[in-house]
Amino acid sequence: FTLCDGRKIRLWGVDAPELGQLGGADARDYLGGLLLRRDGIGLDCVGSSYKRAVCRVTVDGRDAGDAMVRAGYAWEEPRYSDGRYAAGMVEAIREGRGIFPAPAWQWRRQRLEAARARKAMEAAGEEGALQAPNTEKPPSVSKSASGDED
């Protein structure tokens, strides 16, 4: 999310779906609802990633990452969360809350791999190595009334 002063913030310990991914807009809207017009927003920035500050965010004393996970709008990112949100994730899945198709990191990896494959195919096509698929139908075989092929 982006602060009023233009700083970009990434929630520590969680991974929410991308806007192009199933549930991405819902996750954005949920986080916006948590943060919008709140006076008690606290930031504990612990690093940076992709030109964004990585912060533990509290809203009126409540951990925003925990709220996102418990509502089912983000996955716990165990490589960074130290298990802090594991119980909330189990609860959200058990209760059927939110959006749990594929975690955002898997979705991003699949998109990257697909883009690399397209690029390789395009490069092969430029070199003349890519042939157009055969779209002709195979000749039909007619059968006589006795079941023998003609």
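All figures in this text were calculated on a predicted structure; none of them were measured in a lab.

## Some words on the overall build of the protein
Part 1 of the argument: For the protein, the count of helices and strands is 5 helices and 6 strands.
Part 2 of the argument: Counted from the first residue to the last, the protein has its helices and strands arranged as β-β-α-β-β-β-α-β-α-α-α.
Part 3 of the argument: Burial status across the protein gives 27% buried among its 150 residues.
Part 4 of the argument: Taking all contacts inside the protein whose residues are at least 6 apart in sequence as the whole, residues at least 24 apart take part in 57%.
Part 5 of the argument: For the protein, the accessible area works out to roughly 10400 Å², and carbon and sulfur atoms hold 51% of it.

## Describing the nonpolar core
Part 1 of the argument: Core analysis: the biggest nonpolar cluster contains 20 residues, and Leu11, Val14, Leu31, Val57, Met68 and Val69 have the highest contact counts within it.
Part 2 of the argument: Where this core is concerned, the elements lending two or more residues are β1 (9–11), α1 (24–35), β4 (52–59) and α2 (64–71).

## Points about the packing of aromatic side chains
Part 1 of the argument: Taken as a whole and judged by the stated rule, the model has 2 aromatic pairs.
Part 2 of the argument: Taking 6.1 Å as the distance between ring centres and 65° as the angle between the ring planes, the aromatic pair formed by Trp12 and Tyr85 counts as edge-to-face. One end of the pair, Trp12, is in the loop between β1 and β2 (14–15); the other, Tyr85, is in the loop between α3 (78–81) and α4 (86–95), and 73 residues separate them in sequence.
Part 3 of the argument: You can call Trp12 buried: its relative accessible area is 9%.
Part 4 of the argument: On the accessibility criterion, Tyr85 (2% relative accessible area) is buried.
Part 5 of the argument: When the ring of Tyr30 is compared with that of Tyr73, the centres are 4.8 Å apart and the planes differ by 25°; the resulting orientation is stacked.

## A few points about the confidence of the model for the protein
Part 1 of the argument: Summing up the model confidence of the protein, the mean pLDDT is 79 and the portion of residues at 70 or higher is 77%.
Part 2 of the argument: Ranking the elements of the protein by mean pLDDT puts helix α5 (residues 104–126) last, at 74, and α2 first, at 95.
Part 3 of the argument: Below pLDDT 50 for its whole length, residues 128–132 participates in 4 contacts with residues either more than four positions away or in separate chains.
Part 4 of the argument: pLDDT under 50 marks residues 138–146. Its contacts with residues more than four places away, or in other chains, come to 6 contacts.

## Focus on the pairing of strand β3 (residues 41–49)
Part 1 of the argument: Where β3 and β4 come together, 8 bridges link them in antiparallel fashion. Residue Ser48 lies in a different strand from β4, and its bridge partner there is Ala53.
Part 2 of the argument: Here β3 hands over to β4 after 2 residues, with Tyr50 in that stretch at a positive phi of 55°.

## Some points on the pattern of salt bridges
Part 1 of the argument: Per the stated rule, a full pass over the model turns up 9 salt bridges.
Part 2 of the argument: In this structure, Arg7 engages Asp5 in a salt bridge whose closest nitrogen and oxygen atoms are separated by 2.8 Å.
Part 3 of the argument: The class of Arg7 is partly exposed, set by a relative accessible area of 45%.
Part 4 of the argument: Ionic pairing is found between Arg10 and Asp15, a salt bridge with its closest N-O pair at 4.0 Å. Each member of the pair, Arg10 as well as Asp15, is classed as buried.

Reading guide: rules and limits
- Residues numbered from 1 in each chain as written.
- Predicted model: local features only at pLDDT ≥ 70, side-chain atom pairs only at ≥ 80, totals over all residues.
- Heavy atoms only, no water.
- Helix = DSSP H or I, 4+ residues; strand = E, 2+ residues; numbered from the N terminus.
- Buried < 20%, exposed > 50% of the residue type's maximum accessible area, 1.4 Å probe, protein only.
- Contact = heavy atoms within 4.5 Å.
- Areas by Shrake-Rupley, 256 points an atom, 1.4 Å probe, with all protein chains shown as cover.
- Core = buried A, V, L, I, M, F, W, Y, C linked by side-chain atoms within 4.5 Å.
- Phe/Tyr/Trp six-rings, centres within 6.5 Å; stacked < 30°, edge-to-face > 60°.
- pLDDT = per-residue confidence, 0-100.
- Pairing = 2+ DSSP bridges.
- Salt bridge = Lys/Arg side-chain N within 4 Å of Asp/Glu carboxyl O.

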